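Architecture at a glance
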Amino acid sequence: MSRGALIAFSVVVTALVALVSLKSGAVAVSLPEFAGLLLGSPDADAFQRSVVMNLRLPRVLFALIAGGALAICGATMQALFRNPLAEPGLVGLSAGAAVGAMMSLSLGGIGLLAAGPAGFAGALTAALAAYAVGRHYPGVAGLLLAGIAINAFAMSLVGLGLAFSTDAQLRSFTFWSLGSLTRANAGSVAWLAPWTLAWSFYLCTQWQALNALVLGERQARHLGFDPARVRRRAMVAIAMLIGPLVAMIGGIAFIGLVVPHMLRMWVGADHRVLLPVSWLGGATALLLADWAARVAVAPAELPVGVVTSLVGGPFFMWLLVRAPRTELSD
């Protein structure tokens, strides 16, 4: 399948899944009624219109941008570290965003105006700290070691914050840590969509540098790319993407790890194709997870992070069992 056909196929699959997710939920909407809502029929039920357009549509759009961002960041990290098991949490980005969210909750901050900038600041701080330490070591060993230390320190800060939290703050953080898209609204989508798409597009433009880096640092230099500069720019872009999203949706595991890992085995390691397909694949995966979270125990709802872990954990174990050892060690 050609590159254009593969991307077009991924777009169609993502659009179909988005429509299914938009139609499904605790409030039943028949197919003719749903078609009428999409076409703007004046005879459409006002209550159903409000549910679909005001509640479900922002959530579907938020799942699209969040899932796509998580997956493209995972694909980029796997290229930077030349390891298909890498993901943004490896160098403390997710933990740093969690510290920012914890501080926001502790100070009484709610909504995007508080949680988004706080998570962004935490993720960016973690990225800069990892780079500041890791640049003193050749290759990616320094980044990995710094990530271990940053993760441990960040989670200790989270634990310290929880120790001094009120019951309401503790419940809020517990619910946030399980991962949820319930905070999605038109305002958050309007702010995060252009931000996320812009940084995702930037990562897609780096496909040549990532292809070169996968070959090795020496080969990348011979091709005219500075590995340190590529990593620095990519880490900043990933922090820009991950920070606000993690602060808003909490801990949603395996989207950034399993999706690009699986798609790499299908479409190959050419990042000109892998990055956009990973974005679409991550968006589809999070849409499916959110759909399952909303309909599995309707009218109640499961945390979407629980769904991704329940599905992603066993699936990733299966990938590990069947993957050649040489593939995991490259």
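Scroll up a little and you will see the structure.
The structure displayed is predicted, hence computed values, not measured ones.

1. With respect to the environment of Ala-121
- Note that Ala-121 resides in helix H5 (residues 112-134).
- For Ala-121, a relative accessible area of 37% corresponds to the partly exposed category.
- Residues Ala-121 and Ser-309, spaced 188 residues apart in sequence, show a C-alpha to C-alpha distance of 26 Å.

2. A few points about the nonpolar core
- Counting residues in hydrophobic clusters, the biggest one holds 81 residues, and the most contacted among them are Phe-62, Met-77, Leu-80, Phe-81, Val-91, Ile-238 and Ile-249.
- Take this core: its biggest share by element is 15 residues, from helix H3 (residues 46-80).
- With sequence-adjacent residues up to four places away left out, Leu-80 is seen in contact with Val-140, Leu-210, Leu-213, Val-230, Arg-231, Ala-234 and Ile-238.
- With seven residues, the next largest nonpolar core counts Leu-6, Leu-263, Val-273 and Val-277 among its residues.

3. Remarks on the packing of helix H8 (residues 186-205) against helix H13 (residues 271-295)
- Direction vectors running N to C along H8 and H13 enclose 150°, while the axes themselves pass 9 Å from each other. Between H8 and H13, the angle falls in the class roughly antiparallel. Along its contact with H8, which presents Leu-197, Ser-200, Leu-203 and Cys-204, the element H13 presents Leu-275, Pro-276 and Trp-279.
- In terms of residue class, the contact of H8 with H13 is built from six nonpolar, one polar and no charged.

4. Details of the packing of aromatic side chains
- Tallied over the full model, the rule gives four aromatic pairs.
- Ring plane angle 15° and centroid distance 5.7 Å describe the contact between Trp-191 and Trp-195, whose orientation is recorded as stacked. With Trp-191 and Trp-195 both in helix H8 and four residues apart, this pair spans about one turn of that helix.
- Relative accessible area serves as the criterion here: at 41%, Trp-191 is assigned to the partly exposed category.
- Cluster of aromatic residues (ring-pair linked, three or more members): Trp-191, Trp-195, Trp-199 and Tyr-202.

5. Structural notes on a nonpolar patch on the surface
- Taken together, the side chains of Val-12, Leu-16, Leu-19, Leu-38 and Leu-39 define a hydrophobic patch exposed on the protein surface, amounting to about 500 Å² of accessible area.
- Of all the elements, helix H1 (residues 3-23) adds the most residues to the nonpolar patch, at three residues.
- Residue position: Leu-19 is located in helix H1.

Reading the values: the criteria
- Residues numbered from 1 in each chain as written.
- Predicted model: local features only at pLDDT ≥ 70, side-chain atom pairs only at ≥ 80, totals over all residues.
- Heavy atoms only, no water.
- Helix = DSSP H or I, 4+ residues; strand = E, 2+ residues; numbered from the N terminus.
- Buried < 20%, exposed > 50% of the residue type's maximum accessible area, 1.4 Å probe, protein only.
- Core = buried A, V, L, I, M, F, W, Y, C linked by side-chain atoms within 4.5 Å.
- Contact = heavy atoms within 4.5 Å.
- Axes fitted to C-alpha atoms, helices over the stretch in contact; angles between N-to-C directions.
- Parallel < 35°, antiparallel > 145°, perpendicular 65-115°, else oblique.
- Nonpolar A, V, L, I, M, F, W, Y, C, P; charged D, E, K, R; others polar.
- Phe/Tyr/Trp six-rings, centres within 6.5 Å; stacked < 30°, edge-to-face > 60°.
- Patch = residues over 30% accessible without salt bridge, like charges linked within 9 Å, V, L, I, M, F, W, Y side chains within 5 Å.
- Areas by Shrake-Rupley, 256 points an atom, 1.4 Å probe, with all protein chains shown as cover.
- Salt bridge = Lys/Arg side-chain N within 4 Å of Asp/Glu carboxyl O.

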